[in-house]
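Inside the fold
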Amino acid sequence: MDELIASGLTSSNYAITYVAGDLTIVGANQLLVKVADVDSTYGTDTTYSVTSAKYLSSDNTTIVDLTGNVGATGNRITVADGASGQAQFTLAPLSAEESTAGKLAVGNYQLGISGLVTENSQNFGDTVTVVGAHQVNAKGITASASGVSKTYDGTVDMISVTLALATLETNDVVNVNGLGAFADKNVGTGISYTIDNIALTGDDAGNYYLTGGSSLSGTDGSITPRMLTVTYTADDKIYDGKTAVPIMMNSFERSRSGPP
């Protein structure tokens, strides 16, 4: 494949910008198959569509158009030569990168042939050139919070929060995390909260984006009471006819460190 670079035009009324193009040159008796460019979302199975199939005959002057003789079963293509011969091949992205889920990873791929070309035509050879591209775009997923609860510690900070991801492709390795805070530091239920700086990590994170952006909020948070342990020692007293005794508090312990 060669690059075409235009130049030379001038105009007093327009500023002319040139965009380089690609030129594919194939030899005589070789099929040139053009495939419609495809944009797809990650995780989507794609079937390619042949838009033309032609070859230059051995006289080097006649271009034979076999577009009307193209058949397809999925991406398995058959091109008949009109004289009991044909070629068969399978279209696929070249240098394909796959995710952990076995899906074509996000990126831009040139299309080509997977495996061998089966050919029995006397009119063209078994060399087939494919022109076409496949752009795979990231898939949108949604992050949601669950179990938004902690034991009272005198702050609004979330000690831990579990974020879940919906519609991940099976076996893909993607994690999600963020920083959260409650609207109130005190014990209660139905507390509002916000989680910011939500980000995806993991081997397959590049195949996804968060549809809700990098933050989310909710009103189902809860802060539970903190357990306190208090110990006392009863002191001796002189008989006074009463059951009350002086009590001294020896210690006051919270279940974990932090402000009361």
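In this report, we go over the structure that sits alongside the text. Bear in mind that the values here come from a model prediction, so they are computed numbers and not experimental data.

Next up on the list: the environment of Asp 196. The residue Asp 196 is located in strand β17 (residues 188–201) in this model. A residue is classified by how much of its surface remains accessible, and Asp 196, at 35% relative accessible area, is partly exposed.

Bringing the sheet that holds strand β5 (residues 50–56) into the picture now. Picture the strands of a sheet paired through backbone hydrogen bonds; they go either parallel or antiparallel. On the basis of which strands lie adjacent, the open sheet formed by 4 strands has the order β6-β5-β3-β11 and mixed pairing. Every interior strand has two partners, whereas the edge strands, β6 (63–65) and β11 (128–131), have only one. Sheet twist, expressed as the average angle between the axes of neighbouring strands with direction ignored, equals 25°. In terms of strand pairing, strand β3 (residues 31–35) meets β11 through 4 bridges, oriented parallel. Within β11, the position partnered with Lys 34 by the bridge is Val 131.

Time to look at the nonpolar core. Judged by nonpolar contacts, the single largest core of 23 residues is most densely connected at Leu 165, Phe 182, Tyr 193, Ile 195, Ile 198 and Leu 216. Contributions of two or more residues to this core are made by β13 (139–146), β15 (162–166), β16 (175–182), β17, β18 (208–210) and β19 (216–224). Residues within four places of Tyr 193 in sequence aside, it is in contact with Ala 145, Val 148, Met 158, Ala 181, Phe 182, Ala 183, Leu 216, Ser 217, Gly 218, Thr 219, Asp 220 and Gly 221. Ranked by size, the runner-up nonpolar core spans 18 residues in total, among them Val 33, Val 79, Ala 87 and Leu 111.

The next point concerns the packing of aromatic side chains. Enumeration over the complete set of coordinates arrives at 2 aromatic pairs. Both rings, one in Tyr 42 and one in Tyr 208, keep their centres 5.3 Å apart while their planes meet at 80°; by these two values the pair is edge-to-face. A residue pair is termed long-range when its members are at least 10 positions apart, and Tyr 42 in the loop between β4 (38–41) and β5 and Tyr 208 in strand β18 qualify at 166 residues. The same class applies to Tyr 42 and to Tyr 208, which are both buried.

Not every positive phi belongs to a glycine, and Thr 167 is a case in point at roughly 65°. Mapped onto the fold, Thr 167 is located in the loop between β15 and β16. Of note in the backbone geometry, Asn 197 takes a positive phi value of approximately 55° without being a glycine. Overall, Asn 197 belongs to the exposed group, its relative accessible area being 53%.

Procedures and definitions
- Residues numbered from 1 in each chain as written.
- Predicted model: local features only at pLDDT ≥ 70, side-chain atom pairs only at ≥ 80, totals over all residues.
- Heavy atoms only, no water.
- Helix = DSSP H or I, 4+ residues; strand = E, 2+ residues; numbered from the N terminus.
- Buried < 20%, exposed > 50% of the residue type's maximum accessible area, 1.4 Å probe, protein only.
- Pairing = 2+ DSSP bridges.
- Axes fitted to C-alpha atoms, helices over the stretch in contact; angles between N-to-C directions.
- Core = buried A, V, L, I, M, F, W, Y, C linked by side-chain atoms within 4.5 Å.
- Contact = heavy atoms within 4.5 Å.
- Phe/Tyr/Trp six-rings, centres within 6.5 Å; stacked < 30°, edge-to-face > 60°.

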